[in-house]
Amino acid sequence: MSAPPTLPLDPVLLRADFPILHQRVYANPRRGNEGVRLAYLDNGATTQHPRQVVQSMVDCYERTYSNVHRGAHYLSAQSTDAVNAAREKVQRFLNAPRAEEVIFTRGTTESINLVARSWGDAFCQAGDEIVVTEIEHHANLVPWQQLAERKGVKLRHLRLGDDGQLDVPSLPSLLNERTRLVAFTAVSNVLGTITPVAEIVAQAKRVGALTLVDAAQSVPHMRTDVQSWGCDFVAFSGHKMIGPTGVGVLWGRYDLLDSMPPFLGGGGMIDRVWLDRFTPGELPHRFEAGTPAIAEIIGLGAAIDYLNHVGLDAIHAYEQILTAKAHEVLGALPGVTIWGPSLEHKAGIVSFSVADVHPSDVANVLDLAGIAVRAGHHCAMPLHDRLGIPASTRASFYFYNTTEEIERLGEAVVRAQEMFGRKS
Ligand code: PLP
């Protein structure tokens, strides 16, 4: 008998830290129904939390919680130190040059809106151009459409090729001296496509355009180095990387952020206020108006500690194994179409269609088998238009998933076909 393959990480050991994964769903003891084991395959939407992250927030609320205003009293110094420490963890996690470049927001959506409102309103004029791609999440489309409406900016679109990858060779034809920004995702939340970030950035730089990377689906799953990317802005969310909701990050180059006006006004973001005017504060505070999500920021720091402990390279390598397994299992089923590129260009996201079965029926049958996936347009309607389908079913993986869960996914898809597929 051949030895089992050596895995880059031990999912069984890691799962022990995630109590929520060990439950059976739809149990009804009064009817003697034990329920079914949960298989959580909806990590593109949001991820689960290890005890260590939850405990960091419990510790904050039980021992150190206070508002952050250094020097006022003991607890506030503790809170301020904890938020600063989390900021430094994010800085190291991204290999960012300075901690002041890390702005805490509520998530990817707010980070991108911050750039569109602050940088866009201050530096874009009618006739300027912004390039976005056909595979973007609505969070990286609508803020630019709103900016286009406000300022008369023209939007241009990098298309998806038939191979499930961005048509990067056509990018130079979209760029010119009026291009101010290229905003694009590092990993598609529908197709799992890994885009060539450094190459797109290099092309944008040739015409002097800035770049914003929507890294919501990449930062949690693979090593990030903003300096080797060479980009200007990066946005991501805590809740997609085993951290809490309500906290995310905008990273930006220091000199660029420092040239931008505040986005929201209020406490904490000022240097001096008079009755009729104010002067803005230093980075990062200029972009952090109001009381921050203190416990959540601390939780995000704990999430980064945990991810570093597992290792981003190991996470990526293990997710490649899960994705290959999903392609093998689903690809073997007649009537199932897997969308997106071939495995070598794909992260741990597999969207598929089942002939003659609506995606929500697929998801319902999977749900009854304990398998949590998402059905719909996944906030990427233009991408679904391009694929010529209104919706798809999406399984998305993280390091705590197992190949056994993917086998169960395949079995449940067969059940959906039996229940809903056209009988010939
Ligand atoms: N961008 C991408 C690629 C995403 O997948 C998501 C969420 O699914 C977002 C942006 C929006 O993230 P949030 O809802 O955390 O702001």
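Student: Please set out the domain arrangement of the protein chain residue by residue, giving values where relevant.
Tutor: In terms of domain boundaries, the protein chain breaks down into domain 1 (11-37 + 312-419) and domain 2 (52-309). One C-alpha centre belongs to domain 1, the other to domain 2; they are set 29 Å apart. Taken together, the contact between domain 1 and domain 2 spans 33 residues of the former and 34 residues of the latter. Across the domain 1 to domain 2 interface the summed buried area is about 2700 Å²; carbon plus sulfur atoms make up 59%. When the buried surface of domain 1 facing domain 2 is broken down by residue, Leu312, Leu383 and Arg386 rank first, second and third, together holding 25% of it. At the junction of domain 1 and domain 2, the tally comes to three salt bridges. A salt bridge links Asp313 to Arg223; the shortest N-O distance between them is 2.5 Å. Put simply, domain 1 and domain 2 have 15 residue pairs in polar contact (both at pLDDT 80 or more) between them. Of all elements in the fold, only helix H10 (312-331), strand E14 (349-354), helix H12 (381-387) and strand E17 (392-396) reach the threshold of two or more residues within the side of domain 1 that touches domain 2.

Student: Give a description of the packing of aromatic side chains that names residues and reports values.
Tutor: With the rule as written, the count across this model stands at eight aromatic pairs. Ring centres of Tyr306 and Phe399 lie 6.1 Å apart, and the angle between their planes is 25°; this geometry places the pair in the stacked category. Remark: Phe399 occurs in the loop between E17 and helix H13 (403-420) and Tyr306 occurs in helix H9 (residues 294-310); sequence separation between them is 93 residues. With respect to burial, Tyr306 and Phe399 carry one shared label: buried. When the centroid spacing of 4.6 Å and the interplanar angle of 55° are considered together, the rings of Tyr398 and Phe399 count as tilted. A relative accessible area of 0% means that Tyr398 is categorised as buried. Taking the relative accessible area as the measure of exposure, Phe399 reaches 0% and is therefore buried. Seen from the ring of Tyr254, Arg98 lies directly overhead, with NZ or CZ sitting 3.8 Å from the centre.

About the criteria used
- Each chain carries its own residue numbering, running from 1 in the written order of its sequence.
- Where local features are concerned, this predicted model is filtered to residues with pLDDT of at least 70; where side-chain atom pairs are given and counted, the filter is 80 or more; whole-chain, interface and lining totals use all residues.
- To obtain the side-chain values, all non-hydrogen atoms of the structure were included, while hydrogens and water were left out.
- Here the bounds of each domain stem from an automatic or database domain assignment.
- In this analysis, two residues are considered to be in contact whenever any of their non-hydrogen atoms come within 4.5 Å of each other.
- In this description, buried area is defined as the sum, over both parts, of the accessible area (probe of 1.4 Å) that is lost when the two are combined.
- Should a side-chain nitrogen of Lys or Arg be within 4 Å of a carboxyl oxygen of Asp or Glu, the pair is scored as a salt bridge.
- Each polar contact in these results corresponds to two N or O atoms within 3.5 Å; when the atoms are within protein, one needs to be able to donate a hydrogen and the other to accept it, and residues that are neighboring in sequence are counted only if both atoms are side-chain atoms.
- The helix and strand labels rest on DSSP assignments: H or I over at least four residues marks a helix, E over at least two residues marks a strand, and numbering proceeds from the N terminus.
- Side-chain rings of Phe, Tyr and Trp (the six-membered ring for Trp) are treated as a pair once their centres are within 6.5 Å; stacked means planes under 30 degrees apart, edge-to-face means over 60, and tilted covers the remaining angles.
- The buried label applies to any residue whose accessible area, calculated with a 1.4 Å probe on protein chains only, is under 20% of its type's maximum; exposed applies above 50%, and partly exposed to all values in between.
- In our convention, an over-ring charge means Lys NZ or Arg CZ found within 6 Å of a ring centre and within 35 degrees of that ring's normal.

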